[in-house]
Protein chains: 2
Amino acid sequence: MKKTDSAPATKRVTITDVAREANVSIAAVSRAMNPEGSSSPEMRRRILEVAERLGYKPNRLARGIKSQSSLIGILVTNFENPVYLAILSEFSAAIQRHNCHTLLINVNTEKSISEAVSLVMEYHVDALIVTSASVPPELVEACARQNTPVAIFGRDGEDSGASVVTCDDVEMGRMAADHLIDHGYRRLAYVGASTKEQATLDRKRGFIERLEQRGLTLHGVGEGHRHSYDAGYEATCELLASTEVIPDSIFYFDDIMACGGMDAIRHEFSHRIPQDIGIVGVDDIRFASSKSYDLTTICQPFTEMVNKTVSLLFVRIKQGDTAPDRIIMPCHITQRGTTQHVG
Amino acid sequence: MKKTDSAPATKRVTITDVAREANVSIAAVSRAMNPEGSSSPEMRRRILEVAERLGYKPNRLARGIKSQSSLIGILVTNFENPVYLAILSEFSAAIQRHNCHTLLINVNTEKSISEAVSLVMEYHVDALIVTSASVPPELVEACARQNTPVAIFGRDGEDSGASVVTCDDVEMGRMAADHLIDHGYRRLAYVGASTKEQATLDRKRGFIERLEQRGLTLHGVGEGHRHSYDAGYEATCELLASTEVIPDSIFYFDDIMACGGMDAIRHEFSHRIPQDIGIVGVDDIRFASSKSYDLTTICQPFTEMVNKTVSLLFVRIKQGDTAPDRIIMPCHITQRGTTQHVG
DNA sequence: CTGAAAGCGCTTACAG
DNA sequence: CTGAAAGCGCTTACAG
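About the thresholds
Residues numbered from 1 in each chain as written. Chains lettered and ligands numbered in written order. Predicted model: local features only at pLDDT ≥ 70, side-chain atom pairs only at ≥ 80, totals over all residues. Heavy atoms only, no water. UniProt positions renumbered as here; feature names shortened; annotations may be inferred. Helix = DSSP H or I, 4+ residues; strand = E, 2+ residues; numbered from the N terminus. Axes fitted to C-alpha atoms, helices over the stretch in contact; angles between N-to-C directions. Parallel < 35°, antiparallel > 145°, perpendicular 65-115°, else oblique. Left-handed = near helix turned anticlockwise from the far one by under 90°. Contact = heavy atoms within 4.5 Å. Salt bridge = Lys/Arg side-chain N within 4 Å of Asp/Glu carboxyl O. Buried area = accessible area lost by both parts, 1.4 Å probe. Polar contact = N/O pair within 3.5 Å; in protein donor to acceptor, adjacent residues only side chain to side chain. Nonpolar A, V, L, I, M, F, W, Y, C, P; charged D, E, K, R; others polar. Buried < 20%, exposed > 50% of the residue type's maximum accessible area, 1.4 Å probe, protein only. Pairing = 2+ DSSP bridges. Core = buried A, V, L, I, M, F, W, Y, C linked by side-chain atoms within 4.5 Å.

Naming follows an unreviewed UniProt entry, where chain A appears as LacI family DNA-binding transcriptional regulator of Cobetia marina.

As structure tokens, this is what we get:
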């Protein structure tokens, strides 16, 4: 490994350099750089000009030690569902629009939770976003102790002290049931994961609740080990293999499972969709609207949800000790080819 | 908005608290907390115990202002291709394993580049990873000036001063051509995007080069505006509508375009895959191995590539002014149902 | 509005 | 190995 002969690293230009060059105090520079700082227009103009000329960028680390880090932590647990890429994209864009940056925390490892707690404490993130996961009590506690606002996205975490932005999972189940029944299906089944997450339970519960209200009984259940394509595939195989009369429709916990399930239905069992079996999913992932799947699905307004989450958080950051909000957004169903069968 | 009546934010415990409690100097605490700091076993033990008891976590922001921020920036430009979710997952996990954290930079907006530069300068990231995008000269310059190592992932950026970890795009083109020809296809077409990215040009070039070497000529080209499902769909429609004799096989820039293309082929033109048209993609996204697409594709060893990128970067962080590496990983083709046609 | 000064939490030579 | 002290780059009362 030879040393590169590139120019030696020039010292970064600091507030002191700007102050010296502009012939003012460093306090003056600090104020000029901060919109809220009191600075005469003339002075600010001059300082900003010098700063620009010197290429000065305030060191956020140094700033963070006294005031805010401008860092927003985002906890992601599920890297299998492609919707999270879109969600991550929206979040980081929204956060950047607020002149902050995104600390991505991958919570998939064993020691993940303590990791996350450490992070909150070590980087002094201004706020924490938890996507589609229940927040462990330790985390909540750690954040509360540091007065760090937390928002849960896509899950309901009542009483957790965190803000919540999500859709009503029970309602999703009802929508799916209504849609299928309205389109003439009568032997409704559900496929999800056997996890004990609230969202899983709620979607299933709403689904069953509504179909019973309408005089039907659940025709079957398939449970995979996770919310993935493979789990959807396998759970569907088991479901179809175990029932004497196959269901005429299946509501899946999410699109990725539904896609796995559809492939099982078509390629393992040669049933037709939507004639033999109708399908409803949740999320509207990119492939839901592909010609291959053309999946009827329940859409959550992710973009609005993200923006809402971020703006709520910034209100809490600014106003300090504000009570958390709980926002349940409306979702809607988008009909596509998997439920065209009419009675 | 009522104020919450939760306990007031307790002051975070700092190095001073630990020093006082343990009856030592703050310097001693600092050394005890840092593996490299010289500290007698007995003293370290005692301090660590106190730190633990008090729940002390060093403030990385404060640390970062003198030494390293432990922040690794990762620039992501493409949030449409699901592979990036997997890649992001691997990167953040690898970075966390090194006891650092991931600053996600969404470079999709207008002012993206200057944003990125600012970020590097403002947060003093220890290193920067650029995924599948060419690095703008300003960025390279800014990083070089601050001695921040840069790694380009999934693109070749020779002479950029950055480390590179990628696969050989020209070779991918050749592999695709060989595979198709070996399987009896003779009227080979290419579909990609009309962008001037090096990867786009290289895959296409390798493909054409090889098929000409083997006595064929390119049968047609389709160019979308981006690397997306829709672009693949549309470009394929144009390609098939414009040729008198349709191609008998298509090499797509990547899987996501290939999926769009396959849907166009099947649903717009009712051609059969692989009998009428064979397909090869690149990336091996989750849906490539679904029953619906069952796509023959060129696989890059992403996990190894990510780990290599991260470890290279950490060597550079540790050793200071080291020359950048350039690592070209081997890729391989995975045959599935889209190229089963034999002559 | 502006400057001098103290302080944020940590690290790192420098003596001992 | 340990402590006292200076310093990192910034912010924020406090006087003027």
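After presenting the structure, the write-up continues.
Some words on the UniProt feature "domain: HTH lacI-type" (unreviewed entry) in chain A
UniProt feature "domain: HTH lacI-type" (unreviewed entry): in the numbering of this structure it lies at residues 13–67 of chain A. Annotated as 67% helix and 0% strand, the span residues 13–67 of chain A places its first and last C-alpha atoms 21 Å apart.

Observations regarding the packing of helix α10 (residues 229–242) of chain B against helix α11 (residues 255–267) of chain B
Residues and elements named next belong to chain B. Across the interface, α10 lies against α11 with an axial gap of 7 Å and an inter-helix angle of 45 degrees. For the element pair α10 / α11, the angle class is oblique. In this structure, the crossing between α10 and α11 has a hand that is right-handed. Across the interface between the two elements, Tyr-229, Ala-231, Gly-232, Tyr-233, Thr-236, Cys-237 and Leu-240 of α10 pack against Ile-256, Met-257, Cys-259, Gly-260, Gly-261, Asp-263, Ala-264 and Ile-265 of α11.

Focus on the environment of Met33(A)
Tracing the backbone through its elements, the reader meets Met33(A) in helix α2 (residues 26–33). In the structure, Met33(A) is positioned 66 residues away from Asn99(A) in sequence and 14 Å away in space, judged by C-alpha atoms.

Re the pattern of salt bridges
Side-chain pairing between opposite charges can occur once the charged atoms of the two side chains come close. Residues and elements named next belong to chain A. Within the structure shown, the criterion is met by 40 salt bridges over all chains. As a salt-bridge pair, Arg-155 and Glu-197 come within 2.9 Å of each other at their nearest N and O atoms. Placement of the pair is Arg-155 in the loop between β4 (150–153) and β5 (163–167) and Glu-197 in the loop between β6 (188–193) and α9 (198–213), with a sequence separation of 42 residues. Each of Glu-171, Arg-174, Asp-202, Arg-205 and Glu-209 takes part in a single network of salt bridges with overlapping partners.

A look at the interface of chain A and chain B
Accessible area lost during the coming together of the parts is what is often quoted as the interface size. Contact with chain A, which involves 69 residues of that partner, is made by 68 residues of chain B. Summed over both partners, the interface of chain A with chain B buries about 6,700 Å², with 58% contributed by carbon and sulfur atoms. For the interface between chain A and chain B, the tally reads four salt bridges. Across the pair Arg60(A) and Glu122(B) runs a salt bridge whose closest N-O atoms are separated by 2.5 Å. Put simply, chain A and chain B have 28 residue pairs in polar contact (both at pLDDT 80 or more) between them. For the side of chain A that touches chain B, the elements supplying multiple residues, two or more each, are α4 (60–66), α5 (83–97), β2 (101–106), α6 (112–123), α10 (229–242), α11 (255–268) and α12 (302–319) of chain A. The residue makeup of the side of chain A that touches chain B, split by class, is 30 nonpolar, 24 polar and 15 charged.

Some words on the pairing of strand β10 (residues 296–299) of chain A
Residues and elements named next belong to chain A. The side-chain alternation of β10 yields two buried faces, one formed by Thr-296 and Ile-298 and the other by Thr-297 and Cys-299. When strand β9 (residues 278–282) meets β10, the two strands line up parallel, connected through three bridges. Residue pairing across strands places Val-282 opposite Ile-298, the latter belonging to β10. Sheet topology note: the β10/strand β12 (residues 332–334) ladder contains three bridges and is antiparallel. Residue pairing for β12: Cys-299 is matched across the bridge by His-332.

As for the nonpolar core
Ranked by size, the top nonpolar core spans 150 residues in total, and within it Ile279(A), Phe287(A), Ile279(B) and Phe287(B) carry the most contacts. Not counting residues within four places of it along the chain, the set of residues in contact with Ile279(B) comprises Ile250(B), Tyr252(B), Ala258(B), Met262(B), Ile265(B), Ile273(B), Leu295(B), Thr296(B), Thr338(B) and Thr339(B). Grouped together as the second largest cluster of nonpolar side chains are 48 residues, Ala116(A), Tyr123(A), Val125(A) and Val117(B) included.

Digging into the sheet that holds strand β7 (residues 220–224) of chain A
Residues and elements named next belong to chain A. Strand order in this open sheet of six strands is β7-β6-β8-β9-β10-β12, and the pairing throughout is mixed. The sheet terminates laterally at β7 and β12, the two strands that pair on one side only. Taken pair by pair, the neighbouring strands of this sheet meet at an average axis angle of 20 degrees, ignoring direction. The pairing of strand β8 (residues 249–252) with β9 spans three bridges and is classified as parallel.

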